[in-house]
Amino acid sequence: MPQTPAPAPLTAAVDRAVDALLPELVEFTRSIVRIPSLPGGEVAAQRAMAAKYHSLGLETDVVLSTREALAGHPAFTDDGIPFVDRLNVIARWRGTGGGRSLILNGHMDVVPPGDLEAWSHGPWSGEVVGDRLYGRGSCDMKAGLAAAVFAVQAVQAAGGRLAGDVLLQSVIGEESGGVGTLTTIVHGYRADACIIMEPMALNICPVHSGALTFRLTVHGKGVHASLKPAGVSAIDEMIPLLQALDRFNADRHRTFRHPLYADAENVAPISVGTLRSGNWPSSVPDLAVAEGRLGVFPGEDVGDARAAFAALIADVARHRAWLVDHPPQVEWFEGQFESGSTPLDAPILRAVSESHAAHAGSPPGLIGVQCGTDLRLFTRHAGIPTVMYGPGSLTHAHAADEFVPVSELVHCTRVLARTLLTWCDQ
Ligand SMILES: [Zn+2]
């Protein structure tokens, strides 16, 4: 469906409103970066977000994530964080009726800052130096949350009234598997489309790979190291399995092609993250355990990915005398993330692209990413076409001295505001 351009006077008024709100936008972003919101500890930051939504006169719900509500859902994975005070905040700017509705979704949880010595600007400082606003969660993704609410504020300030509803969602639990967004879905919040303001450096991202956490266990036969031939080293049996995983990774990438992934060799990587074995230097180890993540290609069924992995392990084991009788065990635990994608001809993709182009003078880049995000929950489990578009770069997310360029924060706010005008009035 072609997009009808928004009436120019309102667009211009919204642009002016963003200009006028700029100091407040930056100050608000700093204020929420200064509130630590580590997984399980997001209450204070979420209360601040709820207060901001309230201040704009939005209908604001606080929805708790509970195990009871989520446990039966096929996309639920227990992230091990106690279900205590896990608040999601959902604000609705109710439209006048008849237009398309839109969700602007972002996560308030941030990953730990890691080694504080590695930061030259404190992780909870919200310090602004030049064009950079520093802090854990600045780009991933409090700036995105701020851009969304200020886009609404700018449209309001310009006197705009939209036909469709706008839902602003500030959720928890994204970094550990998506409990917050799943909560909004289970509670029935829906719209005609969704934008997640993840740090895509103002590219549009409609597709991400999945990832399945695995544990591979190999049993050996422990003996004194001086009698090694009488035993079986679990390490020696594990090594060929790990080597096979490397080949498996390369083979899987040889046949998969997707236009939005720049690095065709690294769309859905397999990586071993932990390896444990042995308890004494001069014992032959009787146990080796490797844990890692198996990447899932966009469109690949997670059951098929698991089956291919298990078949590979079984094939290696068939060629090793010890492993024939003592087959390695494969377990799937913790994060089990499907891939997610929205078709390239989806109207929401075009709407964001046109808003970006109208403001920037050229269309945005289109990219796919390797990391799992909440996009999959919207597309697979709520039937909502969803794209990611937000300020800051994934390169700086989860790193020391994480920052968001203030210019991108402002740019994103403008593009979201323009998208509200074109999308919600259709
Ligand atoms: Zn994120």
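Residues numbered from 1 in each chain as written. Predicted model: local features only at pLDDT ≥ 70, side-chain atom pairs only at ≥ 80, totals over all residues.

Scanning the chain for helices and strands turns up 11 helices and 16 strands. The C-alpha radius of gyration computed for the chain amounts to 24 Å, which stays within 12% of the reference 22 Å derived for 426 residues, consistent with globular compactness. On the principal axes, the C-alpha backbone points of the chain span a range of 85 × 45 × 40 Å. The buried share of the chain, taken over its 426 residues, is 47%. When contacts within the chain are restricted to residue pairs at least 6 apart in sequence, long-range pairs at least 24 apart make up 82% of them. (Helix = DSSP H or I, 4+ residues; strand = E, 2+ residues; numbered from the N terminus. Rg over C-alpha atoms; globule rule 2.2 N^0.38 Å. Buried ≥ 20, exposed ≤ 12 C-beta atoms within 10 Å, placed from the backbone. Contact = placed C-beta atoms within 7 Å.)

What follows covers the domain arrangement of the chain. For the chain, the assigned domains are domain 1 (8-208 + 339-424) and domain 2 (210-337). Computed over C-alpha atoms only, the centres of domain 1 and domain 2 are separated by 36 Å. A per-class count over the side of domain 1 that touches domain 2 returns three nonpolar, seven polar and one charged. (Domains from an automatic or database assignment. Nonpolar A, V, L, I, M, F, W, Y, C, P; charged D, E, K, R; others polar.)

Once that is clear, we can look at the sheet that holds strand β9 (residues 210-219). Spatial ordering of the open sheet is given by β10-β11-β9-β12, a layout of four strands whose pairing is antiparallel. Pairing within the sheet leaves two strands with one partner each, and these edge strands are β10 (270-277) and β12 (329-337). Looking at each pair of strands side by side, their axes are set apart by 20° on average, direction ignored. Most of the contacts of helix α6 (residues 234-255) go to β10, to which it runs at about 175°, and overall it touches β9, β10 and β11 (287-296). Strands β9, β11 and β12 of the sheet are contacted by helix α7 (residues 302-318), whose axis makes an angle of about 25° with β9. (Pairing = 2+ DSSP bridges. Axes fitted to C-alpha atoms, helices over the stretch in contact; angles between N-to-C directions.)

Now for the environment of V33. Along the polypeptide, V33 turns up in helix α1 (residues 8-33). The spacing of V33 and R136 is 103 residues in sequence and 6.9 Å in space, taken between C-alpha atoms. Setting aside its immediate chain neighbours within four residues, V33 contacts G126, G135, G137, S138 and K142.

Think of an α-helix as 3.6 residues a turn; residues three or four steps apart then line up on the same face. Across the 20 residues that make up helix α4 (residues 138-157), a large majority, 18, are buried. Once α4 ends, the next one or two residues include G159, with phi positive near 85°.

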